[in-house]
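Overview (structure and organization)
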Amino acid sequence: QMQLVESGGGLVQAGGSLRLSCAASGSSVSIDYMGWYRQTPGKQRELIARITRGGTTGYADSVKGRFTISRDNAKNTVYLQMNSLKPEDTGVYFCYADPVGLRPSLPRTWGQGTQVTVSS
């Protein structure tokens, strides 16, 4: 069964940068989409960036131009480079991985979440 392990969260001042990593292991299934959601108190989990196996990316308007998602297919790892961070970027960041052929018997896998706190 696939597992995702995240790293890279922490505390940073506004205007600073952080890089999140999320590594998949434990399964031989090919991964299609990978991406990141953000959970903030009182709000629904928000999709902020995603990337296809071929490298096509998509971003939420709130992070466009500041965050960059990338992946290393050989390492089954997705990254999120976050620049020009703002206090409103504070939250728990969850990575996910969708297997090729996503279906109820072959579901999405979630990471455990990593806290990002941006101080003003």
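Residues numbered from 1 in each chain as written. Predicted model: local features only at pLDDT ≥ 70, side-chain atom pairs only at ≥ 80, totals over all residues. Heavy atoms only, no water.

Regarding the pattern of salt bridges
As enumerated under the stated definition, the model contains five salt bridges in all. Across the salt bridge formed by Asp89 and Arg38, the nearest N and O atoms sit 3.0 Å from each other. Taken together, the positions of Asp89 in the loop between strand S8 (77-82) and strand S9 (91-99) and Arg38 in strand S4 (residues 31-39) put the pair 51 residues apart, joining distant regions of the chain. Arg38 carries the same exposure label as Asp89, and that label is buried. Ionic pairing is found between Arg108 and Asp98, a salt bridge with its closest N-O pair at 2.7 Å. One end of the pair, Arg108, is in the loop between S9 and strand S10 (109-110); the other, Asp98, is in strand S9, and ten residues separate them in sequence. Residue class for Arg108 comes out partly exposed when judged on its relative accessible area of 29%. On the basis of relative accessible area, Asp98 is assigned to the buried category, the value being 6%. The network of salt bridges with shared partners includes Arg38, Glu46, Arg66 and Asp89. (Salt bridge = Lys/Arg side-chain N within 4 Å of Asp/Glu carboxyl O. Helix = DSSP H or I, 4+ residues; strand = E, 2+ residues; numbered from the N terminus. Buried < 20%, exposed > 50% of the residue type's maximum accessible area, 1.4 Å probe, protein only.)

Let's talk about the packing of aromatic side chains
Under the counting rule described, the total for this entry stands at three aromatic pairs. With 5.9 Å between their ring centres and 50° between their planes, Tyr96 and Trp110 make a pair best called tilted. With Tyr96 in strand S9 and Trp110 in strand S10, this pair connects stretches of sequence that are 14 residues apart. On the basis of relative accessibility, which here comes to 1%, the residue Tyr96 falls in the buried class. Pairwise contacts between aromatic rings join Tyr37, Tyr96 and Trp110 into one cluster. Positioned above the aromatic ring of Phe94, the side-chain terminus of Arg45 is 3.8 Å from the ring centre. Here Arg108 stacks its cationic end above the ring of Tyr96, 4.0 Å away from the centre of that ring. (Phe/Tyr/Trp six-rings, centres within 6.5 Å; stacked < 30°, edge-to-face > 60°. Lys NZ or Arg CZ within 6 Å of the ring centre and 35° of its normal.)

Digging into the pairing of S8
The buried fraction of S8 is high, at five of six residues. One ladder, built from six bridges, connects strand S3 (residues 18-25) with S8; its direction is antiparallel. Bridge assignment links Ser21 to a residue of S8, and that residue is Tyr79. Where strand S7 (residues 67-72) folds back onto S8 in an antiparallel hairpin, the turn is made up of four residues, including Asn76, whose phi is positive at roughly 50°. (Pairing = 2+ DSSP bridges.)

Brief notes about the nonpolar core
Counting residues in each nonpolar core, the largest one holds 26 residues, and the members touching the most others are Trp36, Ile48, Phe67, Leu80, Met82 and Tyr93. Listing elements by their share of this core, those giving two or more residues are S3, S4, strand S5 (46-51), S7, S8, S9 and strand S11 (114-119). With four residues, the top contributor of residues to this core is S3. Other than its neighbours up to four places away in sequence, Tyr93 contacts Glu6, Leu20, Trp36, Tyr37, Arg38, Ile48, Phe67, Leu80, Met82, Gly113, Thr114 and Val116. (Core = buried A, V, L, I, M, F, W, Y, C linked by side-chain atoms within 4.5 Å. Contact = heavy atoms within 4.5 Å.)

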